[in-house]
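The residues making up each chain are set out below.
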Amino acid sequence: MSYEFLQHYWCFIVSLLGALLVFLLFVQGANSVARSLGQTEEGRRLVYNSTGRKWEFTFTTLVTFGGAFFASFPLFYSTSFGGAYWLWMIILFTFVLQAVSYEFQNKIGNILGPKTFQFFLTLNGIVGPLLLGGAVATFFEGSNFIVEKNNLIDAGAITPIISRWANASHGLDALLNPWVLVLGFAVVFLARVLGILYVMNNVNDEDIRSRGSVRLIGAAVPFVILFVAYLVHLLLKDGYAVNEFGFIYMEPYKYLTNFLDMWYLTVILLIGVVLVLFGIGKTIVSKNYNGGIWPAGIGTVLTVLALLLCCAWNNTAYYPSTADLQSSLTLSNSCSSEFTLTTMFYVSLLVPFVLAYIVYCWRAIDRKKLDKDEIKTDHAY
């Protein structure tokens, strides 16, 4: 295994975790439309208990995604998580609010009332996907940071800090880029689409399922418009390329070139888009079909995976700097040592067993469809 292979391998693993995270945002998406899916208090509790069975998967994947980035590409971790900390702190804070809200919304002695914690769940359902989608957009649009590796060996440096943010906003400045917001809101509506599809599949309630079909159209239309707009923008924009000497420069139609050079990513992207549209379309036109979450979910993973790999493979800077072009991060200038990547490679061979356990747990949890009797038990949220 060459050093270059290991870099590309771990880029694939991290991208796969990111793609799975976007799929698992169906928890946030369903919570953001819970009040319209279940118009009664009993109906809303059905939705919250449906997503409450899965919120740990989303949070665990988010933490694993960050941990994998830290181990394989530590310079990205220190630059993004350490520099854009306001962006990531808000994301993590809303996820903490989510965990607390599930447990306390209907507890005896809750002085804030159930609606307060339900509002927190809605807040996490909107802010979480929006900021995570915005963070993904910075892989293509760039972020405002500067990398100075010489600080580690410069005796005159005040602090040996490798990277720093170029302004005081620490990540929130990305939201001033309209294209970052376009992709961010695309993820918000995608999460809603997946959330509605999941609840329709998981909850045995005809009223929620009938409302879900109508709400699905309202979420799918803006998602498709926003995603297509960003995809066209991405294929036509200049990209951040790196030559064999590590020099970073702007290349016209770089991401379009990547998809043409790496035709297999194009195939994965197209299959993913078709599966998402199939899951949405069949659910809307067929009253008896409620399994749309599976083709749409698989399609989401494939689509996001192709996009994330497109921004890093084929001599591309995956985390561009708008403050200093040569500070942009590539696979080669931001990765761990060959020894670390090799050791982690063998550890990663255990991942299929972990995934098998997750699938087993998922099937065990969803063996019985959620109904109104379930929310009367002591284990209900």
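As the structure is a prediction and not an experimental result, all values here were calculated from the model. (Residues numbered from 1 in each chain as written. Predicted model: local features only at pLDDT ≥ 70, side-chain atom pairs only at ≥ 80, totals over all residues. Heavy atoms only, no water.)

Caption draft 1: Quick look at unusual backbone geometry. At tyrosine 253, a residue that is not glycine, the phi angle is positive and equals roughly 55°. Tracing the backbone shows tyrosine 253 in the loop between β4 (248–251) and α11 (254–261). (Helix = DSSP H or I, 4+ residues; strand = E, 2+ residues; numbered from the N terminus.)

Caption draft 2: Region of interest: the environment of phenylalanine 69. Mapped onto the secondary structure, phenylalanine 69 falls in helix α5 (residues 55–72). Between the C-alpha atoms of phenylalanine 69 and leucine 235, which are 166 residues apart in sequence, the distance is 26 Å. Ignoring anything within four residues of it in the chain, the contact list for phenylalanine 69 reads Val14, Pro74, Phe76, Tyr77, Phe139 and Tyr318. (Contact = heavy atoms within 4.5 Å.)

Caption draft 3: Broad picture of the packing of α5 against helix α7 (residues 85–104). Across the interface, α5 lies against α7 with an axial gap of 11 Å and an inter-helix angle of 155°. One finds that α5 runs roughly antiparallel with respect to α7. Seen from above, α5 lies across α7 with left-handed handedness. Contact residues: α5 offers Trp55, Thr58, Phe59 and Leu62, while α7 offers Ile91, Leu92, Phe95, Gln98, Ala99 and Tyr102. (Axes fitted to C-alpha atoms, helices over the stretch in contact; angles between N-to-C directions. Parallel < 35°, antiparallel > 145°, perpendicular 65-115°, else oblique. Left-handed = near helix turned anticlockwise from the far one by under 90°.)

Caption draft 4: How the structure looks around the side chain of arginine 192. Within the secondary structure, arginine 192 is located in helix α9 (residues 178–202). Nearest to the buried, unbridged arginine 192 among oppositely charged side chains is aspartate 207, at 18 Å. Ignoring sequence-local partners within four residues, the contact set of arginine 192 consists of Gly29, Ser32, Val33, Ile126 and Ala219. (Buried < 20%, exposed > 50% of the residue type's maximum accessible area, 1.4 Å probe, protein only. Lys, Arg positive; Asp, Glu negative; His and termini not counted. Salt bridge = Lys/Arg side-chain N within 4 Å of Asp/Glu carboxyl O.)

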